Amino acid sequence: MKLFLKTKDFSVSKEDFELLFDFELEMLVTYPQPADLTSYYNSDEYISHTDSKTSLVDKLYHRVKRFSIKKKIQLAENQIVKSKKLLDFGAGTGDFLAKAASKGFKISGIEPNIRARANAEKKGVKLYKDATEIQNEQFDVITLWHVLEHLPDLDNQIERLNNLLDDNGTLLVAVPNYRSYDAKHYGSHWAAFDVPRHLWHFSKTSIIRLFDKHNMEVVSIKPMLFDAFYVSILSEKYKGSKMFLIKAFFIGLWSNVKAYFSKEYSSLIYIIKKRK
């Protein structure tokens with residue numbers, strides 16, 4: 001592997017990391033990868049686990065999140081061919097699953113973070129700590145909303161997902177795209193690198209090749225338009241910009257305009273099925 005970029009953990013530890021280019025998968029790999037990542041998630045800044053609503057950015061995040069969840073539920077419903085058994089892998093504080101349950105889904109979720117599980121339970125969503133707790137079950141839809149990039153031992157994790165998925169089921173995977181305009185614009189300050197919590201950094205080629213190894217195929221790719229704006233806001237803050245909201249709006253907008261032609265959006269949702 002070859003050095004692609006040097007960056008740092010801007011939100012928690014301030015430690016330096018490298019991104020190495022994996023030629024086989026066209027994927028970036030965080031180096032070094034800490035043996036225990038727990039302390040890197042122990043921060044009130046990590047909104048996916050805390051439900052924090054203290055700052056303006058937090059409030060914007062939650063407003064967009066409510067809209068995005070509706071779209072995600074609709075996408076999941078479009079995949080159903082049998083029952084409505086849904087597994088959310090990396091369920092965070094349970095908002096997506098709570099909404100899915102209200103729409104008639106039979107929900108299950110996995111979340112390793114104890115703080116996030118506690119927040120989910122307050123919403124009536126009980127989560128498993130890890131996938132090994134699920135026995136003799138398969139699901140029509142499995143979702144990973146910005147989760148795959150966090151998972152160690154990637155090949156074994158994908159094989160586990162494959163085993164949990166019904167033969168006619170669908171895997172929905174959302175991840176950042178390091179080939180987007182906003183990623184190139186911000187470089188080492190791009191917030192979606194989020195090292196070392198993000199262990200892997202994907203392109204479209206990465207995802208296609210990675211799942212192909214497990215006899216699964218990407219059947220469709222959809223953009224996540226709001227991500228370009230949110231990631232740009234955080235990236236501007238990491239750069240120390242005073243007018244970060246205004247600058248981020250224009251970078252996010254321009255990223256989406258350019259992606260309309262290149263299809264390299266800031267984040268992408270991959271619709272993946274088992275190969276017949």
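The structure we're discussing is the one just above.
Everything quoted here is computed from the prediction, not taken from an experiment. (Residues numbered from 1 in each chain as written. Predicted model: local features only at pLDDT ≥ 70, side-chain atom pairs only at ≥ 80, totals over all residues. Heavy atoms only, no water.)

### Examining helix H9 (residues 225-239)
Here is step 1 of the chain: Taking 1.5 Å of rise per residue, 15 residues should cover 21 Å, and H9 covers 22 Å from first to last C-alpha, within 8% of that figure.
Here is step 2 of the chain: Residues Asp227, Ala228, Val231, Ser232, Ile233, Leu234, Ser235 and Glu236 constitute the buried set of H9.
Here is step 3 of the chain: Gly240 sits one or two residues past H9 and shows a positive phi near 85 degrees. (Helix = DSSP H or I, 4+ residues; strand = E, 2+ residues; numbered from the N terminus. Expected span 1.5 Å × (residues − 1). Buried < 20%, exposed > 50% of the residue type's maximum accessible area, 1.4 Å probe, protein only.)

### Observations concerning the sheet that holds strand S9 (residues 216-223)
The strands that make up a sheet pair up through hydrogen bonds in the backbone, lying either parallel or antiparallel.
Here is step 1 of the chain: Pairing within the open sheet is mixed, and its six strands lie in the order S5-S4-S6-S7-S10-S9. Edge positions in the sheet fall to strand S5 (106-110) and S9, since each has one partner strand and no second. Adjacent strand axes in the sheet meet at a mean angle of 20 degrees when their direction is disregarded.
Here is step 2 of the chain: Summarising the sheet, strand S4 (residues 85-89) and S5 pair through five bridges and their orientation is parallel. Across the sheet, Phe89 pairs through a bridge with Ile110, a residue of S5. (Pairing = 2+ DSSP bridges. Axes fitted to C-alpha atoms, helices over the stretch in contact; angles between N-to-C directions.)

### What to know about the packing of aromatic side chains
Here is step 1 of the chain: With the rule as written, the count across this model stands at 10 aromatic pairs.
Here is step 2 of the chain: Their ring planes at 75 degrees and their centres at 5.6 Å tell us that Phe96 and Trp145 sit as a pair that is edge-to-face. Residue Phe96 is located in helix H4 (residues 95-102), and its partner Trp145 is located in strand S6 (residues 139-145); the two are separated by 49 residues in the primary sequence.
Here is step 3 of the chain: A residue is classified by how much of its surface remains accessible, and Phe96, at 6% relative accessible area, is buried.
Here is step 4 of the chain: Taken together, Phe4, Phe21, Phe23 and Tyr178 form an aromatic cluster joined through their ring pairs.
Here is step 5 of the chain: Here the guanidinium or amino end of Lys84 rests over the ring plane of Phe105, the centre of that ring lying 4.5 Å away.
Here is step 6 of the chain: The residue whose ring lies beneath Lys237 is Phe244, and the NZ or CZ to ring-centre distance is 5.8 Å. (Phe/Tyr/Trp six-rings, centres within 6.5 Å; stacked < 30°, edge-to-face > 60°. Lys NZ or Arg CZ within 6 Å of the ring centre and 35° of its normal.)

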